[in-house]
Amino acid sequence: MRGCGCFVQRFTPVRDYSIVCRRCAPQQTRSAKDKVIREVFSVKQKDQHNPSGNRLAARFRAAFDYLRARPYQAFRRFLRGLIPLAHRRRVVRFFRRQIRRGWSGSAESRAASLAALASLLERSAPQRYDIVCFPIINWDFRFQRPQQLMSQLAAAGHRVFYISQEFLDHGPPYELREKRVNVYEVLLHGPDRSVYTDTLDAGALDALFYSLDALRRNLSLGATVAFVQLPFWSSLALRARAEFGWPVVYDCMDYHAGFSTNDPGMLREEGDLIAAADLAIVSSRFLEREVGKRARRSLLVRNGCDAEHFAQVAARPASDRPVIGYYGAIAEWFDSDLVADLAQRRPDWSFLLVGSTFSADLSRLGRLPNVQLPGEQPYADLPQWIDRMDVLLLPFKRTPLTEATNPVKAYEIFAAGKPLVSAPLPEMLEMSPPAQTADGVEAFEREIEAALAENHTKMSEARRAFAREHTWERRVALLEPAVRETFPLVSIVVVTCSDLELNRVCLQSLLTNTEWPDFELVIVDNASADGTRKYLSDLAARHENIRLVFNDADRGVAAAHRLGLAEARGDYIVFLNNEAAVVRGWLTALVRHLAKDSSIGMVAPATSEPGKGTEMFCIAMRREVCDRVGLPGERFGIGMFEE
């Protein structure tokens, strides 16, 4: 169900049924459907005049006959956030049986049902935060760092929404295209702009933000990171942070001032983005020095390789007519004259240059008989082309752009076991060995000859071993903890007092369905005597973000919350009853409203409305509020809503 904007965000795209707070909609009238739903779900489990439960079952049947398929559809959408797909049908069948029986089971059947639900949650994969990538290239362009990092994050369980550089001029707010598991290319509705030469004016920004908000609502984006790879997107990402609470990570993989096509406007935007980003990651030492001076936090994450993909290339001795190769963009930074000089000096060598020649000077290379230019080739086919090459080159000019480069292809070449001779770029000097560097045509010729004469089997394995230490998986393992820290720490305080199976459902739903990446569970137990304490101890041993407080007596909820708050370290504090089971997005919605409006001291879901058939089960507040008003008092006795 969806809630009003002041308390909870819409977790699923259900539009027919709402829970609305009295402040936001005091005059709102409820439809007949809402009335039936309220009556159905507010009745007690057994009517005192009808102990058998038949009257309740009749009311359920009447309600579902009236609403036909709609409640079932809504219920299924709710289950998508709580129960894994593999077990969802079993749970639906269970609830159908309970509805027919009027929920008239015994205490033993209740405990068994809770145990079954807890077991399902324990076997479910934990939810992960979402990623919206504002890229430097389109997904189907040359497969490099942007797609590699996003693919690895998707494989780790994150949903990745990769924004296209093409825009819709009519139709829906956005268009979604699935590229691989957990990766979706998104075309936003907005005016046509070049991401490399234009900037976002107010009108274009509003249009793109409206489309992005529609994507967020319809696909239930919870805790989300805005991953920016090009300054063009900075104003859109920063607005999303202000409105949605999305941390901004800037992936600086190039020295943008080194591109001749970039204008001063883009460079100013990059400066603002570096200063405003919650985290700036860089791909080289050069960029680390340049960006680190202006960033709040920076992290060096060099490029890597898909070692298995390039391990397809078999080790073999050089051919009778050696093939000297290169693959990648043949552009303004490619030293065409150096390669032409080599080809003229060594007519007994063949030169195979694979890649796009857009903006390249081919006046000499194009006329040489021992030079082949087959054009750009798909990423999937690169191992076949590398297999034909005996030695590979990185013949880059020495410019600020290339000085800042950490070449992806170097790691890929080593994964294929091939020797590499490169210009003496700073990042390549750090890879020597296994890389060989040379400055000038004579030095290149000398190093190529040495590579052709080497022991191929021994050296090939050494290069492959180097590449296995620099995979994209390892880069993401370095990146993920830093991204997690861009989210503020949230402390969730839960009080337990016996009722083991109920506690299991609550805590397992928190651990499984809370996609907020930086949270701790502070569990205060009020002298449980039914196995709850052993369960809590075992749980804390498996999860480093759980902290336990054991009371020797039942001190009540207020006193337990006081103890939990004293142990909490988070920037935000959430009190949650152990009778609640949470779904994806529950915590993000609460924190988003607190972070957006500093005048709000405390928020609760619209389902926490005392006196309206529901108990107050959840409250969230900023830590500074607790510091100002003090710890909760203990004068409340045991009763309702003592929280």
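**Student:** Explanation requested: the sheet that holds strand 10 (residues 298-300) in the structure shown.
**Tutor:** The pairing of strands in a sheet happens through backbone hydrogen bonds and is either parallel or antiparallel. Spatially, the eight strands line up as an open sheet ordered 5-6-4-3-7-8-9-10, and their pairing is mixed. Either end of the sheet is taken by a strand with one partner, and the two such strands are strand 5 (174-180) and strand 10. The sheet shows a mean angle of 25° between the axes of neighbouring strands, taken without regard to direction. With four bridges joining them, strand 4 (residues 160-163) and strand 6 (residues 183-188) adopt parallel strand pairing. Bridge assignment links Phe161 to a residue of strand 6, and that residue is Tyr184. Its contacts with the sheet place helix 8 (residues 234-244) against strand 3 (130-134), strand 6, strand 7 (224-228) and strand 8 (248-252), and it is angled at close to 155° to strand 8.

**Student:** Which parts of the structure should I look at to understand the packing of helix 7 (residues 202-218) against helix 8?
**Tutor:** Axes are the key here: two packed helices are described by the angle between their axes and the distance separating the axes. Running from N to C, helix 7 and helix 8 point in directions that differ by 50°, and their axes come no closer than 10 Å. With respect to their mutual orientation, helix 7 and helix 8 come out oblique. For the pair helix 7 and helix 8, the sense of crossing is right-handed. Residue-level contacts link Leu205, Asp206, Leu208, Phe209, Leu212, Asp213 and Arg216 of helix 7 to Ser235, Leu236, Arg239, Ala240, Glu243 and Phe244 of helix 8. Of the residues belonging to the contact of helix 7 with helix 8, the class tally is seven nonpolar, one polar and five charged.

**Student:** Just checking my understanding: could you explain the packing of helix 6 (residues 145-155) against helix 19 (residues 472-484) for this structure?
**Tutor:** As a packed pair, helix 6 and helix 19 sit with axes 9 Å apart at the nearest point and diverge in direction by 70°. Relative to helix 19, the element helix 6 lies roughly perpendicular. The residues of helix 19 that touch helix 6, namely those facing Arg145, Gln148, Leu149, Gln152 and Leu153, are Trp472, Glu473, Arg475, Val476 and Glu480.

**Student:** I tried to follow the side chain of Ser336 on my own but got confused; where do I start?
**Tutor:** Structurally, Ser336 can be placed in helix 12 (residues 336-345). Of the residues examined, Ser336 reaches a relative accessible area of 8% and is grouped as buried. Dropping the residues within four chain positions of it, Ser336 is found in contact with Asp361 and Leu365.

**Student:** How should empty space enclosed by the protein be read in this particular structure?
**Tutor:** In this approach, a probe sized like a water molecule rolls over the atoms, and the result shows the empty space that is left. Applying the stated criterion across every chain yields a total of five cavities of 30 Å³ or more. Lining the largest cavity we find Val313, Ala314, Ala315, Arg316, Asp390, Ala416, Gly417, Lys418, Pro419, His456, Ser460 and Arg464. Its residues placed into classes, the lining of the largest cavity shows five nonpolar, three polar and four charged.

**Student:** Explain the sheet that holds strand 12 (residues 350-354) to me, please; I cannot follow it from the model alone.
**Tutor:** The strand order across the open sheet built from six strands is 13-12-11-14-15-16, with neighbouring strands paired in parallel fashion. The open sheet has two edge strands, strand 13 (371-375) and strand 16 (436-437), and neither has a second partner. Judged from the two bridges that link them, strand 11 (residues 323-327) and strand 14 (residues 391-394) form a sheet pairing that is parallel. In the strand pairing of strand 14, Ile324 is matched with Val391. The strands touched by helix 15 (residues 408-415) within the sheet are strand 11, strand 14 and strand 15 (420-422), with strand 11 carrying the most contacts at an inclination of about 135°.

**Student:** What is the right way to look at the layout of surface pockets in this model?
**Tutor:** In this structure, the second largest pocket spans a volume of roughly 1500 Å³. What lines the second largest pocket is a set of 49 residues, and nearest its centre among them are Phe141, Arg142, Gln144, Ala329 and Trp333. For the lining of the second largest pocket, the secondary structure elements donating two or more residues are helix 6, strand 11, helix 14 (400-403) and helix 15. When residues of the lining of the second largest pocket are assigned to their parent elements, the largest contribution, three residues, is made by helix 15. Along the lines of polarity and charge, the residues of the lining of the second largest pocket split into 25 nonpolar, 15 polar and nine charged.

**Student:** For this particular structure, what's the right way to read the packing of aromatic side chains?
**Tutor:** Each pair of aromatic rings is reported with the distance of its centres and the angle of its planes. Counting across every chain of the model gives 17 aromatic pairs. Taking 5.8 Å as the distance between ring centres and 45° as the angle between the ring planes, the aromatic pair formed by Tyr129 and Phe487 counts as tilted. Separated by 358 residues along the polypeptide, Tyr129 in the loop between helix 5 (107-123) and strand 3 and Phe487 in the loop between helix 19 and strand 17 (490-496) bring together distant segments of the chain. For the residue pair Tyr129 and Phe487, the accessibility class agrees, reading buried in each case. Seen in terms of ring centroids, Phe134 and Trp233 are 5.6 Å apart; in terms of plane orientation they differ by 45°. Their pairing is tilted. Here Phe134 is found in strand 3, whereas its partner Trp233 is found in the loop between strand 7 and helix 8, with 99 residues between them in sequence. Of the two residues, Phe134 and Trp233, neither departs from the other in class, the shared state being buried. By way of ring pairs, the aromatic residues Trp139, Phe143, Tyr162, Phe310 and Tyr379 are connected into one cluster. When the ring centre of Tyr411 is taken as reference, the NZ or CZ atom of Arg475 above it lies at 5.6 Å.

**Student:** Explanation requested: helix 7 in the structure shown.
**Tutor:** What sets the pattern is the α-helix's 3.6 residues per turn: residues three or four places apart point alike. For helix 7, with 17 residues, the first-to-last C-alpha span of 24 Å sits near the 24 Å given by 1.5 Å per residue. Within helix 7 the residues assigned to the buried category are Ala204, Leu205, Leu208, Phe209, Ser211, Leu212, Asp213, Ala214, Leu215 and Arg216. Buried residues along helix 7 sit in contact with strand 3, strand 4, strand 5, strand 6, helix 8 and helix 23 (586-596). Two residues or fewer after helix 7 comes Ser220, characterised by a positive phi angle close to 55°.

**Student:** What exactly am I supposed to notice about the side chain of Glu515 here?
**Tutor:** With respect to the helices, strands and loops of the structure, Glu515 is situated in the loop between helix 20 (500-513) and strand 18 (519-526). We note that Glu515 is buried and unpaired, the nearest opposite charge coming from Arg584 at a distance of 4.9 Å. Polar contacts involving the side chain of Glu515 include one to the main-chain amide nitrogen of Ala223, which spans 2.7 Å. Look past the residues within four positions of Glu515 in its chain and what remains in contact with it is Gln127, Arg128, Tyr129, Gly222, Ala223, Arg584, Gly585 and Thr588.

How each quantity is defined
- Residues numbered from 1 in each chain as written.
- Predicted model: local features only at pLDDT ≥ 70, side-chain atom pairs only at ≥ 80, totals over all residues.
- Heavy atoms only, no water.
- Pairing = 2+ DSSP bridges.
- Helix = DSSP H or I, 4+ residues; strand = E, 2+ residues; numbered from the N terminus.
- Axes fitted to C-alpha atoms, helices over the stretch in contact; angles between N-to-C directions.
- Contact = heavy atoms within 4.5 Å.
- Parallel < 35°, antiparallel > 145°, perpendicular 65-115°, else oblique.
- Left-handed = near helix turned anticlockwise from the far one by under 90°.
- Nonpolar A, V, L, I, M, F, W, Y, C, P; charged D, E, K, R; others polar.
- Buried < 20%, exposed > 50% of the residue type's maximum accessible area, 1.4 Å probe, protein only.
- 1 Å grid on protein atoms, 1.4 Å probe; cavity = no way out; pocket = protein on both sides within 12 Å on 5 of 7 lines; lining within 4 Å.
- Points joined across faces, edges and corners; volume = space filled by probe spheres on them.
- Phe/Tyr/Trp six-rings, centres within 6.5 Å; stacked < 30°, edge-to-face > 60°.
- Lys NZ or Arg CZ within 6 Å of the ring centre and 35° of its normal.
- Expected span 1.5 Å × (residues − 1).
- Lys, Arg positive; Asp, Glu negative; His and termini not counted.
- Salt bridge = Lys/Arg side-chain N within 4 Å of Asp/Glu carboxyl O.
- Polar contact = N/O pair within 3.5 Å; in protein donor to acceptor, adjacent residues only side chain to side chain.

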